[in-house]
Amino acid sequence: MRLVSVNVGRATPSEHTDATGGLTGIGKRPAPGPVRVFAPGPKGVAASGVEGDDVCDLRHHGGDHQAVYAYAREDLDWWERELERDLPGGIFGENLTTSGLDVNGALLGERWRIGRDLVLEVASARIPCRTFQGAVGEKAWVKRYTRAARPGAYLRVIEEGAITPGDSIEVIHRPDHEVTVGFWFRAFTTERALLPRTLAAGAAMEPQAHEIVRTYVEKYGARDGKQAPDGAGGGTPRGAVTRGG
């Protein structure tokens, strides 16, 4: 398992964002490295955890629970076949393009060591928004991306460090529960009946997402979501939308 590229984006104008000033940092390009990765601070105040990377809408993006966004090269390759176009690393707004790592099969709370020093912890999945759709330029992209359920992972920084393309990635901790990135994504998008089961991830699930699940359970009950139809209740946690908008 290795790091293919470290991608950063600078603020640029976009008609597809509601950020103040109409700027977005979603368009990312590979950086040569080494690139420092750090815990940026609380959501709403802090931005990206990747040095040189701009996040423009601090209401919905950035902060400790969305410090880094990772996407697998294998999933980009799958999308290349689906879309019949080239998709270079960073085009989905990801900071880390990985190889040999099942990003969507990673568990919330799973920890990765990248290079010598950096340790990251899986926090949630990326949920697409219109800024992402505008950046990719594909019709009905949000719906298509959601149906495919290949969301990639947001990560928090446990131990800071500098990384360089080609660095090894090692899974150093894997929790004992079922809540993978893909499972979490389906629960918060197309299969809301799964929401109560995401609580098994415990503190690895960010506080805003916990609140969404708590509201859902109060309304529909917690018996594996069987009291509620898929797609009902809850709503999407604003903290989980695509970063870089």
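As a reminder, the structure under discussion sits directly above these lines.
Residues numbered from 1 in each chain as written. Predicted model: local features only at pLDDT ≥ 70, side-chain atom pairs only at ≥ 80, totals over all residues. Heavy atoms only, no water.

Engineer: Even after reading the chapter, I still don't get the overall build of the protein chain, so can you show me in this structure?
Structural biologist: Helix and strand content of the protein chain: five helices and 12 strands. The burial tally for the protein chain puts 55% of its 245 residues in the buried class. Nonlocal contacts in the protein chain, meaning residues at least 24 apart in sequence, comprise 70% of its contacts between residues at least 6 apart. Of the roughly 10,300 Å² of accessible surface on the protein chain, 49% is carried by carbon and sulfur atoms. (Helix = DSSP H or I, 4+ residues; strand = E, 2+ residues; numbered from the N terminus. Buried < 20%, exposed > 50% of the residue type's maximum accessible area, 1.4 Å probe, protein only. Contact = heavy atoms within 4.5 Å. Areas by Shrake-Rupley, 256 points an atom, 1.4 Å probe, with all protein chains shown as cover.)

Engineer: Would you mind going over the nonpolar core with me for this structure?
Structural biologist: Judged by nonpolar contacts, the single largest core of 46 residues is most densely connected at V68, L96, W112, L120, W184 and F188. Ranked by the residues each element gives to this core, the list is headed by helix α4 (residues 181–188), at six residues. The next biggest cluster of nonpolar side chains, apart from the first, holds 14 residues, and it includes I26, L76, L83 and W141. (Core = buried A, V, L, I, M, F, W, Y, C linked by side-chain atoms within 4.5 Å.)

Engineer: Whenever I open this one, the packing of helix α1 (residues 73–83) against helix α3 (residues 141–148) confuses me. Can you help?
Structural biologist: For any two helices packed against each other, one specifies the inter-axial angle together with the distance between the axes. Running from amino to carboxyl end, α1 crosses α3 at an angle of 125°, the nearest separation of the two axes being 13 Å. The angle between α1 and α3 falls in the class oblique. The interaxial crossing formed by α1 with α3 has right-handed handedness. Contacts from W78, W79, E82 and L83 in α1 reach W141, R144, Y145 and A148 in α3. In terms of residue class, the contact of α1 with α3 is built from six nonpolar, no polar and two charged. (Axes fitted to C-alpha atoms, helices over the stretch in contact; angles between N-to-C directions. Parallel < 35°, antiparallel > 145°, perpendicular 65-115°, else oblique. Left-handed = near helix turned anticlockwise from the far one by under 90°. Nonpolar A, V, L, I, M, F, W, Y, C, P; charged D, E, K, R; others polar.)

Engineer: Explanation requested: the pairing of strand β8 (residues 111–114) in the structure shown.
Structural biologist: Where a strand is regular, its side chains alternate between the two sheet faces. Burial along β8 is one-sided: the face carrying W112 and I114 is buried and the face carrying R111 and R113 is not. Remark: three residues form the turn of the hairpin made by β8 and strand β9 (residues 118–125), two consecutive strands paired antiparallel; G115 in that turn has positive phi of roughly 70°. As paired elements, β8 and strand β12 (residues 169–173) share four bridges and run antiparallel to each other. In the strand pairing of β12, R113 is matched with E170. (Pairing = 2+ DSSP bridges.)

Engineer: Looking at this model, I keep getting lost on α1. Mind explaining?
Structural biologist: Turn by turn, an α-helix covers 3.6 residues, leaving residues three or four places apart pointing in a common direction. If you check which residues of α1 are buried, you get R73, D75, L76, W79 and L83. In an axial view of α1, the angular spread of the buried residues amounts to 155°, which keeps them on one side of the axis. Of the surrounding secondary structure, the elements contacted by the buried residues of α1 are β1 (2–8), β6 (68–72), β7 (96–99) and α3. With its phi angle positive at about 55°, E84 sits one or two positions after the end of α1. (Arc of directions from axis to C-beta.)

Engineer: Explain the pairing of strand β10 (residues 153–159) to me, please; I cannot follow it from the model alone.
Structural biologist: Extensive coverage of β10 is indicated by the burial of five of its seven residues. Note: β6 against β10, three bridges, orientation antiparallel. Residue pairing in the sheet places A70 in a bridge with A153 of β10. The pairing of β9 with β10 spans six bridges and is antiparallel. Residue S124 lies in a different strand from β10, and its bridge partner there is Y154.

Engineer: It is not clear to me how the sheet that holds strand β4 (residues 29–31) should be interpreted in this structure. Could you clarify?
Structural biologist: Picture the strands of a sheet paired through backbone hydrogen bonds; they go either parallel or antiparallel. Sheet architecture is open: eight strands sit in the order β4-β1-β7-β6-β10-β9-β8-β12, paired in mixed fashion. What marks the edges here is a single partner per strand, and that holds for β4 and β12. Between one strand axis and the next, the sheet turns by 40° as a mean value, whatever way the strands run. Of the strand pairs in this sheet, β1 and β7 are connected by four bridges, and their pairing is antiparallel. When the sheet's bridge partners are listed, S5 is paired in β7 with T97. The strands that α1 touches are β1, β6 and β7; relative to β6, the one it contacts most, it runs at about 60°.

Engineer: Quick question: what am I supposed to make of the side chain of E121 here?
Structural biologist: Within the fold, E121 resides in strand β9. The class for E121 is buried, based on a relative accessible area of 10%. One polar contact links E121 to R156, side chain to side chain, over a distance of 2.8 Å. With residues up to four places along the chain from it excluded, the contact list for E121 reads G109, E110, R111, Y154, L155, R156 and I158. (Polar contact = N/O pair within 3.5 Å; in protein donor to acceptor, adjacent residues only side chain to side chain.)

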